[in-house]
Amino acid sequence: MTAGGYFGQALVVNAGAGTADVLPLPDELLRAYIGGAGLGTWLMHRLGPPGVDPLAPAAPLAFVFSPLVGTPLTTSAKFAVVAKSPLTGMLNDALSSSQFAIAGKLTGHDAIVVHGACERPSVLLVDRDGARVTGAADLSGLPAAQAETRLRERLGTGWRVAAIGPAGERGVRYATISHDGRHAGRGGLGAVMGAKRIKAIAVRAATKVAPAHPEAVLGAARDLRARSFGPATAKYRELGTLANLLAFNAINTLPTRNFQAATFPEAPRLAAEDLAEMRRVARNSCASCTIGCEHIYSARGGKKMRVEYENVFALGPMCGVSDPDAVLAASARCDELGLDTISAGGTIAWAMECAERRLIDAPWLRFGDADALLRALDEIGERRGLGELLAEGSRRAAERVGGGSAAFAPHVKGLEMPGYEPRTLQAMALGLAVNARGADHNRSGAYEADLSGDHDRLAGGEAHVAAAIETEDRAAVMDSLILCKFLRGVFTDPLAEWAALLTAVTGWDVDGAELRRTARRIVLAKRVFNIREGWRPEDDWLPERLLSEPVQLGSGRVATLTPQRLRGMIDSYYAARGLDGHGRPDPADLAGLLLDHVAAR
């Protein structure tokens, strides 16, 4: 009997043939990988051909749910989109929240995996009648939101849609997948979907799924709801993540002008404290969420969009742009095109520096030029002019341009860096370097330790290594359950409390120690997948600029992250993870990792 909260199966769709098969997911496998990013990692091992091009028809794209989806637990209406990234060539999972998660799971599957490619632009439909493909010629070229609206009007009530914008259709390597105004944003999964010529996936609930202990789940939901209104989430409710902008600027950790500086003098013009007074028009919540972190702002022309720290950082200080109208307009343009704002801003900032150094012929592209920012976004989304180069991301673009530009290309493993300055956040520096996804703040939240005041954030060492491992472990569990990271502060003993939630839903007798082992299994499985796909030890590293150019702080201190210090932290991380000096696992530790004996049944 399948555990509570699960269906015990994945739907595997061949888009080209228009057929679907059911892949059994036994309880032992589900308990080992839970769901979300964890189960998605296992599915990539099982269904992804080694060495496959991420944009090839054979490359799988998985929408993975979790046992908590459909329960009344706050923030649980989330799903993971998992694939081999066309930007990094390595494993990528992007998480998001919406009603799509609930409807998708209630089609009767713990995951929907798509491989193959349609002959023409199409929509994949999944409901009680199974999976089928229909034409989508009239949706081609539309922003994702418009395609979603048109499709739901056509299909009728009950359908939920995830769609790509023009950037995904044109294969921009950091294109997003959008749904209900939210985005599975990082790593270019929209390009994977576009390569399959699938404009949208529409799902409609067909069944129900029950937890093992309904009363225990209801009690836990009431308790979690009450805690979600407490001080740990106040920042997100009141100002949203944009509240980070002034705080990070004050402590010299706001990347500016392609990491040439760590403070932005004009940051107050973009800060939530001032911008909210002028431009905020609403506050919303994700599906099944009580926090309400979503802050909606208006831009020129009446457009409205969600505003968060990362999109303002990437399209503002990173590019030297301080005009709030321009930054809001750029954010809205990314939504329309279906572009990851972090990768778009990082790649454009790199190009601005290249233009100033005359490494590329684009005299119009300069730091601080709002019109140039908007023009660059349009060219990227349309893959024309300079956009043909920038649509490839900063790593590939630097390889083509040469001239030493790779030294200041702001990426790790090909994924552009988020708004955290590694030289002044040195636990985070390690987390970014070793992360399986690349430069990502959500899969390695080591900045929490840097900002805690428990150790010197300017002098990385053993304490930073332990902190990076702890936050990476916790993220692996949260991303597999799946619970929102904004909820993490309400838990006093996270692993034990998450185990209690999983026990109530599934009926398994899970404790914190087991979840610790699960976390480490998932982290290892991600690394093993990347090794299979060509990872090299030098991929666990940071851009040369961050290791050769110190940052002068307002206090008079100088923040220096040397190659020797980073190397020492990485070596300690490898040792603590049971890896050899080259970041590879002991073959003995791989026995049973992927539960091949279970999958073969």
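Residues numbered from 1 in each chain as written. Predicted model: local features only at pLDDT ≥ 70, side-chain atom pairs only at ≥ 80, totals over all residues. Heavy atoms only, no water.

(A) Examining the overall build of the protein more closely. A count of helical and extended segments in the protein gives 24 helices and 19 strands. Relative to a compact globule of 601 residues, whose C-alpha radius of gyration would be 25 Å, the protein shows 22 Å and is just as compact. A principal-axis box enclosing the C-alpha atoms of the protein has dimensions of 65 × 55 × 45 Å. Out of the 601 residues in the protein, the part that is buried amounts to 63%. Taking the intrachain contacts of the protein between residues at least 6 apart in sequence as the baseline, contacts between residues at least 24 apart amount to 69%. Surface exposure of the protein reaches about 20,500 Å², of which carbon and sulfur atoms provide 50%. (Helix = DSSP H or I, 4+ residues; strand = E, 2+ residues; numbered from the N terminus. Rg over C-alpha atoms; globule rule 2.2 N^0.38 Å. Buried < 20%, exposed > 50% of the residue type's maximum accessible area, 1.4 Å probe, protein only. Contact = heavy atoms within 4.5 Å. Areas by Shrake-Rupley, 256 points an atom, 1.4 Å probe, with all protein chains shown as cover.)

(B) Inspection of the side chain of H455 at higher detail. Within the secondary structure, H455 is located in the loop between α18 (447-452) and α19 (462-481). Since its relative accessible area comes to 17%, H455 is described here as buried. Those residues in contact with H455 that sit more than four places away from it in its chain are A427, A449, D450, A463, H464 and A467.

(C) Quick peek at the sheet that holds strand β4 (residues 78-84). What the 6 strands build is an open sheet, ordered β2-β1-β6-β3-β4-β5; its pairing is mixed. The sheet terminates laterally at β2 (19-24) and β5 (91-97), the two strands that pair on one side only. Along the sheet, successive strands turn relative to each other by an average axial angle of 20 degrees, direction set aside. Pairing of β4 with β5, which is carried by 7 bridges, proceeds in the antiparallel orientation. (Pairing = 2+ DSSP bridges. Axes fitted to C-alpha atoms, helices over the stretch in contact; angles between N-to-C directions.)

(D) View of the packing of helix α2 (residues 36-47) against helix α21 (residues 512-532). At their nearest, the axes of α2 and α21 sit 10 Å apart, and the two run at 30 degrees to each other. The crossing of α2 and α21 is left-handed. Together, A37, G38, T41, M44 and H45 of α2 and I522, A525, K526, V528, F529 and R532 of α21 make up the contact between the two elements. Considering only residue class, the contact of α2 with α21 consists of 6 nonpolar, 3 polar and 2 charged. (Left-handed = near helix turned anticlockwise from the far one by under 90°. Nonpolar A, V, L, I, M, F, W, Y, C, P; charged D, E, K, R; others polar.)

(E) Spotlight on the packing of helix α7 (residues 214-227) against helix α20 (residues 494-506). At a minimum axis distance of 9 Å, the contact between α7 and α20 shows a crossing angle of 145 degrees. As α7 runs across α20, the sense of the crossing is left-handed. Residues A216, V217, A220, L224 and R227 of α7 touch α20, and the partners they reach there are E497, L501, A504 and V505. Residues of the contact of α7 with α20, tallied by class, amount to 7 nonpolar, no polar and 2 charged.

(F) Representation of the pattern of salt bridges within the structure. Here the structure, examined in full by the defined rule, presents 45 salt bridges. Of the charged contacts, one joins R154 and D138 as a salt bridge, the two residues approaching to 2.3 Å between their closest N and O atoms. Taken as a pair, R154 in helix α4 (residues 144-155) and D138 in the loop between β8 (130-135) and α4 lie far apart in primary sequence, 16 residues in all. The salt bridge partner of E353 is R545, with a shortest N-O separation of 2.6 Å. In this pair, E353 is assigned in helix α13 (residues 341-356) and R545 in helix α22 (residues 544-548), connecting sequence segments 192 residues apart. There is no split in this pair, since E353 and R545 are both buried. What you see here is one network of salt bridges that share partners, running through E470, E472, D473, R474, R516, R520 and R577. (Salt bridge = Lys/Arg side-chain N within 4 Å of Asp/Glu carboxyl O.)

(G) Main features of the nonpolar core. Y33, I348, L365 and L542 are the most contacted members of the largest nonpolar core, which has 149 residues in total. Look past the residues within four positions of Y33 in its chain and what remains in contact with it is G38, L39, W42, S480, R521, I522, A525, L593, L594 and L595. If you look at the next biggest cluster of nonpolar residues, it comprises 33 residues, including A15, A83, L189 and I198. (Core = buried A, V, L, I, M, F, W, Y, C linked by side-chain atoms within 4.5 Å.)

(H) Layout of the pairing of β5. Within β5, 7 of the 7 residues are buried, which leaves it mostly tucked inside the rest of the structure. Side chains L91, D93, L95 and S97 project from β5 onto one buried face, and the interleaved N92, A94 and S96 project onto a second face that is buried too.

(I) How the structure looks around the side chain of D93. Relative to the elements of secondary structure, D93 occurs in strand β5. Look at D93 and you get buried, because its relative accessible area is 2%. Separated by 2.6 Å, the side chains of D93 and R443 make a polar contact. There is a polar contact of 3.4 Å between the side chain of D93 and the side chain of K526. Look past the residues within four positions of D93 in its chain and what remains in contact with it is A37, V81, V82, R437, R443 and K526. (Polar contact = N/O pair within 3.5 Å; in protein donor to acceptor, adjacent residues only side chain to side chain.)

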